[in-house]
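Read off the chains here:
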Amino acid sequence: MRLRRGEGLLLLLLLAAYGWLFVFFAHINNPNELVRVYAARALAEEQTWSIGRREIAFGRFVDVGRIHSEWGYVNDKALTCDVPGERPPRCTGRLFAAKAPAASLLGAPVLMVLRAFGPLKKTSAVFALRWVCVILPSVAFWILLRRWMLDSGVPEAAALVSTLCGALGSLSLTYGQMFAGHQMAALALGAAFLCAFWGSFRPFWVGFFCALGVALEYPSAPAAAILVAAALLRHRRGGLRVALGAMPWMLVLAQFHWSAFGAPWSTPYGHLENPAFVRDIAPGFMGISWPSWERVYGSLFSPWLGLFFWAPWTALALLAPRWLRRFDLVPAAVIAYYLVFQITHALWRSGWTVGPRYITPVAPFAAISVALLVREAPRLLPILRGLGAAAVAATGLASAVCQGFPLEVINPLREVVGPLLAHGYVPRNLLQLLGVPGLWSALPYFVALAAAIALLLQRSAVAIAIAAALIGIQWAAPPGKERGAVRFLAAQWEPDPPPGARPFTER
């Protein structure tokens, strides 16, 4: 991909922000990421979707198989019982990742290549999968999205601000560094949008990327339907080619469901092996029920999860219907779906997370919406600058130490992020491997964040005032009383402690 004018600095910023720090704790075995890695390894080494078996040993159920014996227990699995009529979890049978299959299928060739250099190790597998399947595609996507903004008449300054907000001040930054379905689905849906509304209409690829989004994350289906419907209404042709493009990934889904669960329409959700997960999604229809104030406040405004707390600039996207019309409102429709999904789903709390991770695809569509909004209402640009700078500061610092905060954390910035950085806890990176201690080893990452914030603020008094006020609010939000989370995460650090860090002492 040949760079245009002004893209060199953006490329360096994105590579440093997404790729410099390797935030990974092997002993935690984060199921959101690792169960997909296990499935990718099963495909690469054994050409099967199954990641192992559940058997009875010494009177209790245990997970067995080569991957489990070498890499350890992982959660978030599905189980198909050997005996018809039995139901998980009280049965023996085959184990599968309780996730849509596309991420593991895309990762399998990466692990096949990695195997040529020796036996697969968990840490090196995660590193390779992140770079090939998530980090590099994320960087390329944001550069392409900025090009679309410029070609759509968005002023250069507004296009850069919108891109920085989306790439570095949102869920995209955190989950763009994890081999999970959230960011990959966001990229697939974003690619479908570009194929539908940038230059010539490419219906085959609209169908391909929409179906890929669903095969990466099942909740992407309504968003994909919105994009397909909007594309066909806009161009009034190409329905057959859209269907042909969707066919490969629909066949992958059908084959996975059939081979693992006995029918093309049978998903992992009907075979969860963890009873707690079954209880979690039991309320309502497929986990969907009427929203409550707890869900609305927690999902949008709370310090521990809220979208507008971590990425306040996304609130501007809600103003899009006032200024935009017709097909410029397609991104707003996608955002509306994801917000409704978030506040109506039984799993709205999202587990260990930075922000409401299930709605990561909001990030690119919010960036599109605010770019088009500022194109029509330039006076909003200073506000967007200030909101975006606060988002980069909060999300960037959080993503430097963790990809998910324990549920008991009330204000992650004060309870976890600040203490870890103050003690010099920095994830693995090239300079740390060379012996550079503490925060100094993370200097390229922090320089990238600082440069992004400087580009966003651009000495605008309004933007600086807004950013300062919001950062003050974010850090002033009351913390919880417990302090176990930061000590737990520090105890999982690799290496333990990192060079130059000041270990936490027991109280």
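Use the structure listed above.
Computed from a prediction, not measured in an experiment: that's the story for all the values here. (Residues numbered from 1 in each chain as written. Predicted model: local features only at pLDDT ≥ 70, side-chain atom pairs only at ≥ 80, totals over all residues. Heavy atoms only, no water.)

Draft legend 1. How the structure looks around helix α21 (residues 443-457). With 15 residues, α21 extends 21 Å from end C-alpha to end C-alpha; this agrees with the ideal 21 Å at 1.5 Å per step. Among the residues of α21, Tyr445, Ala448, Leu449, Ala452, Leu456 and Leu457 are the ones counted as buried. Seen end-on, α21 carries its buried residues on one side only, within an arc spanning 160 degrees. The secondary structure elements touched by the buried residues of α21 are α1 (7-19), α6 (156-168), α7 (171-175), α18 (381-399) and α22 (461-476). One or two positions beyond α21, positive phi appears at Gln458, with a value near 50 degrees. (Helix = DSSP H or I, 4+ residues; strand = E, 2+ residues; numbered from the N terminus. Expected span 1.5 Å × (residues − 1). Buried < 20%, exposed > 50% of the residue type's maximum accessible area, 1.4 Å probe, protein only. Arc of directions from axis to C-beta. Contact = heavy atoms within 4.5 Å.)

Draft legend 2. Helix α11 (residues 239-261), seen in detail. Relative to the 33 Å expected for 23 residues at 1.5 Å per residue, α11 spans 31 Å between its end C-alpha atoms, a close match to the ideal helical length. Along its length, α11 shows its largest kink, about 40 degrees, at Met247, and proline Pro248 lies within four residues downstream of that point. When α11 is considered as a whole, its buried residues turn out to be Val242, Gly245, Ala246, Trp249, Val252, Leu253, Phe256, His257, Ala260 and Phe261. Where α11 is buried, its residues contact β3 (77-81), β4 (93-97), α4 (102-115), α9 (203-216) and α10 (221-235). Positive phi appears at Gly262, one or two residues downstream of α11, with a value of about 95 degrees. (Bend = angle between axes of the 7 residues up to and from the residue.)

Draft legend 3. Highlighting the packing of α18 against α22. Where α18 contacts α22, the axes come no closer than 7 Å and their chain directions differ by 35 degrees. Crossing of α18 against α22: the hand is right-handed. For the pair α18 and α22, the contacting residues are Pro382, Ile383, Arg385, Gly386, Leu387, Ala389, Ala390, Ala393, Ala394 and Leu397 in the first and Val462, Ala463, Ile466, Ala467, Leu470, Ile471, Gln474 and Trp475 in the second. Tallied by class, residues from the contact of α18 with α22 come to 15 nonpolar, two polar and one charged. (Axes fitted to C-alpha atoms, helices over the stretch in contact; angles between N-to-C directions. Left-handed = near helix turned anticlockwise from the far one by under 90°. Nonpolar A, V, L, I, M, F, W, Y, C, P; charged D, E, K, R; others polar.)

Draft legend 4. Layout of the sheet that holds β3. Spatial strand order, β2-β1-β4-β3: four strands in an open sheet with antiparallel pairing. Unpaired on one side and paired on the other, β2 (60-64) and β3 mark the two borders of the sheet. Direction aside, neighbouring strands of the sheet carry axes that sit 35 degrees apart on average. Sheet topology places strand β1 (residues 52-57) next to β2; five bridges connect them, and they run antiparallel. The residue of β2 that forms the bridge with Arg53 is Val64. Packing against the sheet, α11 makes contact with β3 and β4, and its axis sits at approximately 155 degrees to β4. (Pairing = 2+ DSSP bridges.)

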